[in-house]
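# Residue-level structural notes
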Amino acid sequence: MSTGLFAFAESLGPAQALAQAAGLACHAVEVSRFPDGESLVRVPASAPTAILYRSLDHPNAKLIELVLAAAALRDGGAQRVVLVAPYLGYMRQDIAFRPGEAVSQKVIGALLADHFDGLVTIDPHLHRIARLDEAVPRIPALALTAAPVLAKALAGEAERPVLIGPDSESRPWVEAVAAPGGLDVLVGEKQRHGPRSVEIAIAGIEAVRGRPVVLVDDVISSGGTMIAAAGLLRAAGATRISALATHCLASPDDLARLASAGIAPVRATCSVPGTAGSLPIAALLADGLREGGWLRA
Ligand code: R5P
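Here we summarise the structure given alongside this text. Being a predicted model, the structure only gives us computed values, none of them experimental. (Residues numbered from 1 in each chain as written. Predicted model: local features only at pLDDT ≥ 70, side-chain atom pairs only at ≥ 80, totals over all residues. Heavy atoms only, no water.)

### Things to note about the state of the cysteines
Throughout the structure, instances matching the rule amount to zero disulfides. Counting only cysteine sulfurs, Cys-270 is the nearest neighbor of Cys-26, a cysteine outside any disulfide, at a range of 13 Å. With no disulfide partner, Cys-248 has as its closest neighbouring cysteine sulfur the one in Cys-270, 12 Å distant. (Disulfide = S-S within 2.5 Å.)

### Observations regarding the sheet that holds strand S15 (residues 263-268)
Consider a sheet: its strands pair through backbone hydrogen bonds, and that pairing is either parallel or antiparallel. Spatially, S10-S9-S13-S14-S15 is the arrangement adopted by the five strands of the open sheet, whose pairing is parallel. Taken across any chain shown, the strands that pair with only one partner, and hence form the sheet edges, are strand S10 (185-187) and S15. Sheet twist, expressed as the mean angle between neighbouring strand axes with direction ignored, is 25°. By the bridge criterion, three bridges tie strand S9 (residues 162-165) to strand S13 (residues 212-220) in an arrangement that is parallel. Bridge pairing in S13 places Ile-164 opposite Leu-215. Lying on the sheet, helix H5 (residues 147-154) is in contact with S9, S13, strand S14 (240-248) and S15; it crosses S14 at an angle near 155°. Set on the sheet, helix H7 (residues 224-235) makes contact with S9, S13, S14 and S15; between it and S13 the angle comes to about 165°. (Pairing = 2+ DSSP bridges. Helix = DSSP H or I, 4+ residues; strand = E, 2+ residues; numbered from the N terminus. Axes fitted to C-alpha atoms, helices over the stretch in contact; angles between N-to-C directions. Contact = heavy atoms within 4.5 Å.)

### Let's talk about the packing of aromatic side chains
For the structure shown, the criterion picks out zero aromatic pairs. The ring of Phe-8 carries Arg-54 above its face, with NZ or CZ at 3.7 Å from the centroid. (Phe/Tyr/Trp six-rings, centres within 6.5 Å; stacked < 30°, edge-to-face > 60°. Lys NZ or Arg CZ within 6 Å of the ring centre and 35° of its normal.)

### With respect to the site of the ligand
The environment of the ligand is made up of 15 residues, and the closest members are Glu-169, Asp-217, Asp-218, Ser-222 and Thr-225. Arg-192 has a polar side-chain atom sitting 3.2 Å from an oxygen atom of the ligand. Measuring from an oxygen atom of the ligand, one finds a backbone N or O atom of Ser-221 at 2.8 Å. When residues of the shell around the ligand are traced back to their parent elements, those giving at least two are strand S11 (189-194), S13 and H7. Residues of the shell around the ligand, tallied by class, amount to two nonpolar, six polar and seven charged. (Near = heavy atom within 4 Å. Polar contact = N/O pair within 3.5 Å; in protein donor to acceptor, adjacent residues only side chain to side chain. Nonpolar A, V, L, I, M, F, W, Y, C, P; charged D, E, K, R; others polar.)

### A short note on the pattern of salt bridges
Inspection of the entire model under this criterion finds 17 salt bridges. When the shortest N-O distance is used, the salt bridge between Arg-128 and Asp-94 registers 2.8 Å. Of this pair, Arg-128 sits in the loop between strand S7 (118-122) and helix H4 (132-135) while Asp-94 sits in the loop between strand S6 (80-85) and helix H3 (104-115); the two residues are 34 residues apart in sequence, bridging distant segments of the chain. A salt bridge links Asp-133 to Arg-131; the shortest N-O distance between them is 2.6 Å. Residues joined by salt bridges that share partners form a network here, namely Glu-10, Arg-33, Arg-54 and Glu-65. (Salt bridge = Lys/Arg side-chain N within 4 Å of Asp/Glu carboxyl O.)

### Comments concerning the sheet that holds strand S2 (residues 26-28)
Spatial ordering of the open sheet is given by S2-S1-S5-S6-S7-S8, a layout of six strands whose pairing is parallel. On the outer flanks of this sheet lie S2 and strand S8 (141-144), each paired with one strand and no other. When the angles between neighbouring strand axes are averaged without regard to direction, this sheet yields 20°. With respect to the sheet, helix H9 (residues 282-291) is in contact with strand S5 (49-53), S6, S7 and S8, its orientation differing from that of S8 by roughly 145°.

Laid out in C-alpha cells, this is it:
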C-alpha cells in the first residue's frame, strides 16, 4: 500500500466516503485516555504517503492527537503525512483584536506546518489574508471551495431564491454559490458586539418582499449571525428563510434557536461531524488530493 487514509473515530463515515472516492483503504486511528486526561494514540498501520483525516472543530484535544498520530505514522514508515481537515479551526483569530491576545491563526498554522507535509481543507476563514499558505507556511496548503456543492443543493428549489450574505466577509461565498444558477444576491454589513451578539444592516433589502431567501455563509457557529439576518428579512417580507453554509458548528441548542427563528432547513456539508451538515464532500476532497499530487490522477 503506497497511500493509506487514516481517520479518527468521529470522522470515520466521511473518511470512508473519501477512501472510496479516492480508491484508498481507510484505517481507524485508535485513541484512549489516561485517567489524567492524556491521550494515547495508536495507528494500526502506516503507508509511505499517509493521509490523516480530521476536522478541527473543538480543536484543542484534536490537535494534540493529530500531532501524535502524525508521529506514529512516521515511526511506522510514512515519508509524507498529509492532513485532510475539512474544517480548519483557529482561522478566525487572525489579528490581536485586543492588546495581549494570541494570533491563533498564525500559531496553529505554524504548528500544522511543523508536523504535516501537506494540508487540504475547505473554505477556510481567511479574512485579512488572500491565501492559505500565508496562514500555514512552508508546506503545500490547498483551500478547496464547497461552492459547487452548495450550488447543487439549491438546484432543485421550485422558486428561485434571493441569496443573502449576512456580512461583507461572506461575499465571495455567496457570489460563488449564486453564479451557476444566476441567482440574485444581497450582502449585508455586520457589527459584532460579542460572541452571540451581532447587528446587521442589508442595503436593498426591500428586494426580498414576496420572495424566498437563502442565507449563505462559510460557517454557522452560534447561529447568531443567521438569526439576526433572518429577523430583518422577515420584517422586509421574505416568504421563506433557509440557511446554507460550508461548515455547521452549531450545537443542538443553537440549531433549536435557528429553528425557533423560522430558519429552515439549515443545510451544510458534512465537514463537521455530529452536526446538521450532510452535503457530501468526498468527491471534492478526492479531487483536492489529486490536485495536490498526493493521489494518482
Ligand atoms: C464570520 O465572519 C463568519 O463568516 C460567520 O459569519 C460567523 O463565524 C458566524 O458566527 P455565528 O454563527 O456565531 O454568528
